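Each chain, written out:
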Amino acid sequence: MLRELHIRDLGVIEDATLPLAPGLTVVTGETGAGKTMVVTGLGLVLGGRADPGLVRAGRDEAVVEAELELAEDHPARQRAAEAGGVSDEPELILSRTVSAAGRSRAHVGGRRAPIATLGDLAEDLVAVHGQADQWRLRRPAQHRALLDAFGGDDVAGPAGEVADLFGQWQEARRELADLVEGERSRLQELELLTHQLEQIDAVEPQPGEDEDLARESELLGHAEDLRTGAEVAHGLLSDPESFSGDDAVGRIARAGEELSRLTDHDPRLAELHQRLGEVGVLVADLAGELSAYAADIEADPARLGVVEQRRAALTDLTRRYGEDIAAVLAHRHGARERLQTLEGADERIEELTARVDTLAGALAGAVDDLTAARTAAAGRLAETVEGELALLGMDRARVEIVVEPRPEDAGVPLPGSGGGRAVSADGADVVEIRVAANRGSAPRSVTKAASGGELSRLMLAIEVATAGSGRTQVPTFVFDEVDAGVGGKAGLDVGARLAALARTSQVVVVTHLAQVAAHADRHLVVHKSHDEQVTSSDVRVVEDEARLAELSRMMGGGDTEVGLTHARELLEHCRATSAADA
């Protein structure tokens, strides 16, 4: 809900703060005091069109800020976060600045945002029903949303089924169209994948084969050098005939014999003798292994040629399909799976064709059920709204809610519907609320058949009729001059209906009728002051005697005792009525 609205340098308002509360809040004041600027300011901060002429004379810019209290899961929080605003604070701050030069800026949650973002947020936050701003009635989709909200579960069930079936139908149609339209591409891809698999399968690469062949190629290419080096090392260790002097094994053995005669004389020498024996064993083992290694090395030019030829074939594959054989094998696996998918496309096309037909039939049936549910709800809603209008001084008004087929160009044609019926996720219906101000007139669209004040009362009647549905109702409603052309008992009825709506939503009303203001939970008065240069306005909360004085002023009684008495009686009557209705 709206907790506070701050307006600076807008029209006659120099600097004013409106503290708002749950329930019904009324804004009153003398003519020209700036009551309309309150609604205008709200419109600006909710993304409305900016008029530089609204900036207070002599000032550079006008600023409007709205502080809102929202539940953690409210859709507006997510939208604000998507716009870059801080969404984890208890309140959400919206701001709009309009310069005298015509520039306009918006901020959401402390961050700069496009002006359109304010409008997007407004749809989930506030419904402004002013003399010239009946957006809830000017948008055809809102007519349907209001009817669906009133219909409750009777409409919600078929609507949910239609939305689900439409989504499945569209997905199946898209997949089928992709397969059919991509037939040439599919055949080309089949040919390419088949060629690739033939190339890879002709070589039959094995995991790690490229690395194994690289090592074998290195060995065969240097076989003679490897064998010669091993033989020389072996000779140095254990073949005295191949080199002048004793071999390493013999020298170590003689050193051991020399030390063995002396170990009894010094224990330290015994430890050295032991270590020398271990070295002798290691050298002898190493000499034997070198001899065996040299014996195993054979130069094989024929085998080397085979290895190099195989490596060339593998290199050709890695150049085409991956950086190594592992990547080539992975490509082959993926190609085979894709090939199976493509080869099964014909069968999939048959399956999808049957599924599309089945879903279309089920969707057509669900759409018929939804249309029937809406038509039944339309009759009930029209009757309910007419009853509400009778309480709002429009007892001769006639309401008609028409449910008609959606035009062909406003949705997807539904097969089997006899042609001419288009469907979307919300069904195949166009809903229009029509009204005739007098019984003898033919009902027309509400935006054409009613004046500004009548539109506000009609919207109030609709909002009260759909109150508490919880589906499309916004948390805050703002009504400007909803009581235009109304007086006396009808004014009391208008106030009572506003109070009824305020039981489920926050309601803010700009009014000139004491009969309406007396129903309020909070009463704000816009005061106008004069000096030699400028006129400015501020806003105050009035209670007790101050409120009685304002109600008396509104009834023309001024500060007289008679006027105050009438105001007190009016206030007590409204409180009693509200208590009885509750």
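Just above, that's the structure.
Residues numbered from 1 in each chain as written. Predicted model: local features only at pLDDT ≥ 70, side-chain atom pairs only at ≥ 80, totals over all residues. Heavy atoms only, no water.

Engineer: Sorry, what's going on with the pattern of salt bridges here?
Structural biologist: Oppositely charged side chains are able to pair whenever their charged atoms sit close together. Across all of its chains, the model carries 27 salt bridges by this definition. Across the pair Arg348 and Glu175 runs a salt bridge whose closest N-O atoms are separated by 3.0 Å. Here Arg348, found in helix H14 (residues 345-390), pairs with Glu175, found in helix H6 (residues 153-181); they are 173 residues apart in sequence, far enough to count as distant. Arg348 gets classed as partly exposed once you look at its relative accessible area, which sits at 31%. Judged by its relative accessible area of 30%, Glu175 is partly exposed. Two residues, Asp316 and Arg320, come together in a salt bridge whose shortest N-O distance is 3.2 Å. Pair noted here: Asp316 and Arg320 are both in helix H12 (residues 301-321), with a separation of four residues, about one helical turn. Via salt bridges that share partners, Arg3, Glu67, Glu69 and Glu91 belong to a single interconnected network. (Salt bridge = Lys/Arg side-chain N within 4 Å of Asp/Glu carboxyl O. Helix = DSSP H or I, 4+ residues; strand = E, 2+ residues; numbered from the N terminus. Buried < 20%, exposed > 50% of the residue type's maximum accessible area, 1.4 Å probe, protein only.)

Engineer: Help me understand the packing of aromatic side chains in this model?
Structural biologist: Think of a pair of aromatic rings as described by two things: how far the centres are apart, and how the planes are tilted against each other in angle. The tally for this structure, following the rule as stated, stands at two aromatic pairs. For the pair Phe166 and Trp169, a centre-to-centre distance of 6.1 Å together with 55° between the ring planes defines the contact as tilted. Of this pair, Phe166 and Trp169 both sit in helix H6, three residues apart, roughly one helical turn. What makes Phe166 buried here is its relative accessible area of 10%. With a relative accessible area of 0%, Trp169 lands in the buried category. Summarising the aromatic geometry, the rings of Phe477 and Phe479 are spaced 6.4 Å apart at their centres and angled 25° between planes, so their arrangement reads as stacked. Side by side, Phe477 and Phe479 carry an identical accessibility label, which is buried. (Phe/Tyr/Trp six-rings, centres within 6.5 Å; stacked < 30°, edge-to-face > 60°.)

Engineer: Would you mind going over the sheet that holds strand E10 (residues 398-405) with me for this structure?
Structural biologist: The pairing of strands in a sheet comes from backbone hydrogen bonds and takes either a parallel or an antiparallel form. Here we have three strands laid out as an open sheet, ordered E10-E13-E14, and antiparallel in their pairing. Each edge of the open sheet carries a strand with a single partner, namely E10 and strand E14 (444-445). Bridge analysis of E10 against strand E13 (residues 429-436) gives eight bridges, and the strand direction is antiparallel. Bridge pairing links Val402 to Glu432 in E13. Lying over the sheet, helix H5 (residues 140-151) contacts E10 and E13, oriented at roughly 90° with respect to E13. (Pairing = 2+ DSSP bridges. Contact = heavy atoms within 4.5 Å. Axes fitted to C-alpha atoms, helices over the stretch in contact; angles between N-to-C directions.)

Engineer: Can you walk me through unusual backbone geometry in this structure?
Structural biologist: Note: most peptide bonds trans; most residues except glycine with negative phi. In this structure, Asp9 is a non-glycine residue whose phi angle is positive, near 60°. One non-glycine residue, Glu204, lies in the positive phi region at around 55°. Along the chain, the position of Glu204 falls in the loop between helix H7 (183-203) and helix H8 (209-221).

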